[in-house]
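The residues making up each chain are set out below.
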Amino acid sequence: MLTDNQQGKRTNSEDMRVANQMLLLNHLRRNRMSRADLARATGLTRAAISIQVDQLLQQEILYEVVDDSAPLKNRKSVQLAIRSDCLFAIGLSLARESCEVGIMNIGGGIIISRPVEINSEQSVEESVSVICQAILQLVNDSGIDGSKILGIGISAPGPVLPYKGSFVRPGGFDKWHHIALTSMMDAQLPWKSHLEGAGVALTMATKIYGVGKNYHDFILLKINYGFGGGIVINDRLHRGVSGGGNEFGHMVINMGGHQCDCGNKGCLAAYASIHSILEEFSHYGFRSWEQVVDAAYVGDQRAMEILQAEACYLATGITNLTNMLEPQAVIFTGPLTYRSELLFALI
């Protein structure tokens, strides 16, 4: 039997092992690297790197690749890479208009996905039960060993409290306010679930798999029906104390202005989301952002007025953010990027 002190040492040792392995995998998700490269990048000793790498090779999470580009007179460099099919994750996307579940490999590739029908007339409990059954069916249809599934990542309209796994006045999901979604799903499924705001989830994906790999510090703006995104500082996602520190769509740009879904007035999202800007200029008759942009490119002055207003709102928000954070880049995603050269020039 272990004493409390021995048990504490074992726990600390296991935590350190997991932390070191996560550190290595986070570097290898970006590029293949040799053991020497990993030692330089992480600050760990070569001995510590070898121990962790050997374990990950035995678990078939990593594999070795010989770099044939090295000169013949030099010893070939052996690089390490993550085996994309060694582990998997389940993804659940909750949106105002749709719900979709899927399974991805550790390299970000989608193995299988399908929509799930939930409706506003269902209770939250009924909707969650439908989602959980769809996930179980999806895993069964995929043929993937459930023991290789790391967990469930949930992306949903914010604001959310990821540490509690619950919603705070989510736009379009009124009944889900303060619902602890992750606890409900964990009670029905064999995998742990984690909730993130849609903008934050997209920021993480952009950092790992997209153009965000090129920057240590950036702000991502996700603009569609709503307005969200995320902030990365020193290669780490900024969360704040409760995990909701990326809700800059609720930055106030007009005291006492338009009513926002969050309950406040004058939020950036209440002006600059596509839904908001089309509603403000609804008397012009445009039904989509694409229609506005196409009309602006052929000289329609009404469309240009809308673009100029959107550019003004966005420039106000971006100026506030860059004055506080001074990022390397601001990355746009969503429908607002359609033929975006004209809008960006105005911003």
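Refer to the structure printed above.
Residues numbered from 1 in each chain as written. Predicted model: local features only at pLDDT ≥ 70, side-chain atom pairs only at ≥ 80, totals over all residues. Heavy atoms only, no water.

**Q** Can you help me understand the sheet that holds strand E10 (residues 193-197) in this one?
**A** Here we have five strands laid out as an open sheet, ordered E6-E5-E4-E7-E10, and mixed in their pairing. Pairing within the sheet leaves two strands with one partner each, and these edge strands are strand E6 (110-115) and E10. On average, each strand axis in the sheet is tilted by 20° relative to the strand beside it, whichever way the strands run. Judged from the five bridges that link them, strand E4 (residues 88-94) and strand E7 (residues 149-156) form a sheet pairing that is parallel. The partner of Ser 93 across the bridge, within E7, is Ser 155. (Pairing = 2+ DSSP bridges. Helix = DSSP H or I, 4+ residues; strand = E, 2+ residues; numbered from the N terminus. Axes fitted to C-alpha atoms, helices over the stretch in contact; angles between N-to-C directions.)

**Q** Would you mind going over the packing of aromatic side chains with me for this structure?
**A** Describing an aromatic ring pair means giving the distance of the ring centres and the angle of the ring planes. Taken as a whole and judged by the stated rule, the model has three aromatic pairs. For the pair Phe 281 and Tyr 284, a centre-to-centre distance of 5.9 Å together with 25° between the ring planes defines the contact as stacked. The residues Phe 281 and Tyr 284 share a single accessibility class, namely buried. Sitting over the face of the ring of Tyr 297, Arg 339 holds its NZ or CZ atom 4.1 Å from the ring centroid. (Phe/Tyr/Trp six-rings, centres within 6.5 Å; stacked < 30°, edge-to-face > 60°. Buried < 20%, exposed > 50% of the residue type's maximum accessible area, 1.4 Å probe, protein only. Lys NZ or Arg CZ within 6 Å of the ring centre and 35° of its normal.)

**Q** I would appreciate a short explanation of empty space enclosed by the protein in the present structure.
**A** The gaps of empty space that remain are located by a probe, the size of a water molecule, rolled over the atoms. With the rule as written, the count across this model stands at one cavity of 30 Å³ or more. Approximately 50 Å³ is the volume attributed to the largest cavity. As for the largest cavity, its lining consists of Val 160, Pro 162, Glu 196, Gly 197, Val 200, Gly 243, Gly 244, Gly 245, Asn 246 and Glu 247. Classifying every residue of the lining of the largest cavity by side-chain character gives three nonpolar, five polar and two charged. (1 Å grid on protein atoms, 1.4 Å probe; cavity = no way out; pocket = protein on both sides within 12 Å on 5 of 7 lines; lining within 4 Å. Points joined across faces, edges and corners; volume = space filled by probe spheres on them. Nonpolar A, V, L, I, M, F, W, Y, C, P; charged D, E, K, R; others polar.)

**Q** It is not clear to me how the side chain of Thr 203 should be interpreted in this structure. Could you clarify?
**A** The residue Thr 203 is located in helix H6 (residues 198-209) in this model. On the basis of relative accessible area, Thr 203 is assigned to the buried category, the value being 0%. Filtering out sequence-adjacent residues up to four positions away, Thr 203 remains in contact with Phe 218, Leu 220, Gly 229, Gly 230, Ile 231, Val 232 and Leu 237. (Contact = heavy atoms within 4.5 Å.)

**Q** It is not clear to me how a nonpolar patch on the surface should be interpreted in this structure. Could you clarify?
**A** Where nonpolar side chains cluster on the molecular surface, the patch consists of Ile 233, Met 324 and Leu 325 and spans about 270 Å² of accessible area. Following the sequence through the fold, Leu 325 ends up in helix H10 (residues 301-325). Overall, the relative accessible area of 34% leaves Leu 325 in the partly exposed class. (Patch = residues over 30% accessible without salt bridge, like charges linked within 9 Å, V, L, I, M, F, W, Y side chains within 5 Å. Areas by Shrake-Rupley, 256 points an atom, 1.4 Å probe, with all protein chains shown as cover. Salt bridge = Lys/Arg side-chain N within 4 Å of Asp/Glu carboxyl O.)

**Q** Any chance you could explain the nonpolar core here in plain terms?
**A** Ranked by internal contacts, the top residues of the largest apolar core, which has 39 residues, are Phe 227, Trp 289 and Leu 314. Mapped by element, the contributors of at least two residues to this core are strand E11 (218-223), strand E12 (227-233), helix H7 (269-272), helix H8 (274-280), helix H9 (289-297) and H10. In contact with Trp 289, not counting residues within four places along its chain, are Ile 274, Ile 277, Leu 278, Ile 306, Leu 307, Glu 310, Pro 335, Leu 336, Tyr 338 and Leu 343. (Core = buried A, V, L, I, M, F, W, Y, C linked by side-chain atoms within 4.5 Å.)

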